[in-house]
Amino acid sequence: MPGHVILSHGSDTGPDATKVSVLAKVAQSMGWTAERPDYREDDKLGHAESIEPRIARLHERIAASDTPPVLVGSSMGAFVSGLASLEVPVAGLFLLATPALIPGNDLAFDVRLDVPTLMVHGWHDDVCPLDEIYEFAGRRELPLLILDDDHRLSAHIDAISKHFGFFLEQLVSRV
């Protein structure tokens, strides 16, 4: 079996959200195990206050994995996945519509540099401005796929799925 994937949904959604559900199926079709933690209780605290509880919940799921997992996140899920990678070993990061900052919180988005990472963002994202994450990806020299889409990236779920499958294939070939 190639490994394990933990997919973290965005705020105001849940573990059955479209992107994390579709990407979980992609991983499973390739022989990976996948799980989607439920952060809805954490999200009731508000965006800024949900960060620490989400990271703690994600750390629990990472610790339960037999090997370092691939973290997939959408929006707030991407934000906490990146921050979690700074503290615990992970095999990869696939991050969608990532905010560079969460208003009301002092933590800035970051990722562990030695972890394979692919970021995906929409040109027309009015929730998480492209400029901020574009600058972050450029400063860190991280691959950033920019699509003609908005924050939800729903017009490109098929393309995102293909990129995710390729990302997982590349991780397997590194072993």
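Scroll up to find the structure this text is about.
Residues numbered from 1 in each chain as written. Predicted model: local features only at pLDDT ≥ 70, side-chain atom pairs only at ≥ 80, totals over all residues. Heavy atoms only, no water.

**A closer look at the nonpolar core**
Counting 27 residues, the largest nonpolar core has Ile51, Leu58, Ile62, Leu71, Phe79, Phe109 and Met119 as the members making the most contacts within it. Elements that contribute at least two residues to this core include exactly α3 (47-64), α4 (76-85), β4 (92-96) and α5 (130-140). Apart from residues lying up to four places away in sequence, Ile51 is in contact with Met76, Phe79, Val80, Leu83, Ile102, Asn105 and Leu107. Core analysis: the next-biggest nonpolar cluster, separate from the first, contains 24 residues, Val20, Leu23, Ala24 and Phe164 among them. (Core = buried A, V, L, I, M, F, W, Y, C linked by side-chain atoms within 4.5 Å. Buried < 20%, exposed > 50% of the residue type's maximum accessible area, 1.4 Å probe, protein only. Helix = DSSP H or I, 4+ residues; strand = E, 2+ residues; numbered from the N terminus. Contact = heavy atoms within 4.5 Å.)

**Re α4**
Burial analysis of α4 places 10 of its 10 residues in the buried class, which makes it a mostly covered element. Taken residue by residue, α4 has Met76, Gly77, Ala78, Phe79, Val80, Ser81, Gly82, Leu83, Ala84 and Ser85 as its buried positions. The inward-facing, buried residues of α4 contact β1 (4-8), α3, β3 (70-74) and β4.

**Digging into the sheet that holds β3**
Read across the sheet, 6 strands follow the order β2-β1-β3-β4-β5-β6 without closing on themselves; strand pairing throughout is parallel. What marks the edges here is a single partner per strand, and that holds for β2 (33-35) and β6 (144-147). Strand-to-strand, the axes of this sheet are offset by a mean angle of 15°, without reference to chain direction. Alignment of β1 against β2, held across 3 bridges, turns out to be parallel. What sits directly across from Val5, in β2, is Ala34. Each of β1, β3 and β4 touches α4; the most contacted strand, β3, lies at about 145° to it. (Pairing = 2+ DSSP bridges. Axes fitted to C-alpha atoms, helices over the stretch in contact; angles between N-to-C directions.)

**A closer look at the packing of aromatic side chains**
One pass over the structure, following the stated rule, counts 4 aromatic pairs. Pairing Phe79 with Phe109 gives two aromatic rings, centres 6.1 Å apart and planes at 40°, and the pair type is tilted. Linking Phe79 in helix α4 with Phe109 in the loop between β4 and β5 (117-122), this pair joins segments that are 30 residues apart in sequence. Each member of the pair, Phe79 together with Phe109, is buried. Ring centres of Phe109 and Phe136 lie 4.9 Å apart, and the angle between their planes is 65°; this geometry places the pair in the edge-to-face category. Here the residue Phe109 occupies a position in the loop between β4 and β5, and Phe136 occupies one in helix α5, the gap between them amounting to 27 residues. A relative accessible area of 5% means that Phe109 is categorised as buried. Among the aromatic residues, those joined into a ring-pair cluster are Phe79, Phe109 and Phe136. (Phe/Tyr/Trp six-rings, centres within 6.5 Å; stacked < 30°, edge-to-face > 60°.)

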